Amino acid sequence: KKLTKIGKADTSEIKLGGMLIPPTAATISRRPSGYMISFAGGMTKLKVNGEVVKESIQLKDFDTIELGSYKFQFYQKETEAKGD
């Protein structure tokens, strides 16, 4: 998927609850260079491996993503090798 939304909205692919979680707290986008996570706003801080992310950062396998009291681990699922 090109864009995954994380937040409270019904349209979010990863739904979170809580007073401080905005409709969209963060997004993960697939780019040719890999996956980027972007802070979308709100009172809840976005952290990757304990570091606060104010804009965007590239994700690597097994990065820990934190939004409020929620914690996730990012990894890419292995896919079939595509022909050159």
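Higher on the page you've got the structure.
Residues numbered from 1 in each chain as written. Predicted model: local features only at pLDDT ≥ 70, side-chain atom pairs only at ≥ 80, totals over all residues. Heavy atoms only, no water.

J.: Requested: an account of the overall build of the protein chain, with residues and values cited.
T.: A tally of regular secondary structure across the protein chain gives zero helices and nine strands. Overall, the protein chain shows an N-to-C arrangement of helices and strands of β-β-β-β-β-β-β-β-β. What you see for the protein chain is a C-alpha radius of gyration of 13 Å, in line with the 12 Å of a compact globule of 84 residues. Looking at the protein chain as a whole, 32% of its 84 residues qualify as buried. For the protein chain, long-range pairs separated by at least 24 residues make up 19% of all intrachain contacts whose partners lie at least 6 apart in sequence. Both charge centroids of the protein chain, one from 14 positive and one from 10 negative side chains, sit 7 Å from each other. (Helix = DSSP H or I, 4+ residues; strand = E, 2+ residues; numbered from the N terminus. Rg over C-alpha atoms; globule rule 2.2 N^0.38 Å. Buried < 20%, exposed > 50% of the residue type's maximum accessible area, 1.4 Å probe, protein only. Contact = heavy atoms within 4.5 Å. Lys, Arg positive; Asp, Glu negative; His and termini not counted. Charge placed at Lys NZ, Arg CZ, Asp CG, Glu CD.)

J.: Explain the sheet that holds strand S8 (residues 63–67) to me, using residue names and the numbers behind them.
T.: In a beta sheet, neighbouring strands are held together by backbone hydrogen bonds and run either parallel or antiparallel to one another. Strand order in the open sheet formed by four strands is S6-S5-S8-S9, and the pairing between neighbours is antiparallel. The open sheet is flanked by strand S6 (51–52) and strand S9 (70–74), the only strands paired with a single partner. Here S8 pairs with S9 via five bridges, running antiparallel. Considered in S9, the bridge of Glu-66 is made with Lys-71. (Pairing = 2+ DSSP bridges.)

J.: Describe unusual backbone geometry, with residues and values.
T.: Note on backbone geometry: most residues besides glycine have negative phi, and most peptide bonds are trans. If you check the backbone angles, Asn-49 has positive phi at about 55° while not being a glycine. Among the secondary structure elements, Asn-49 is positioned in the loop between strand S5 (46–48) and S6.

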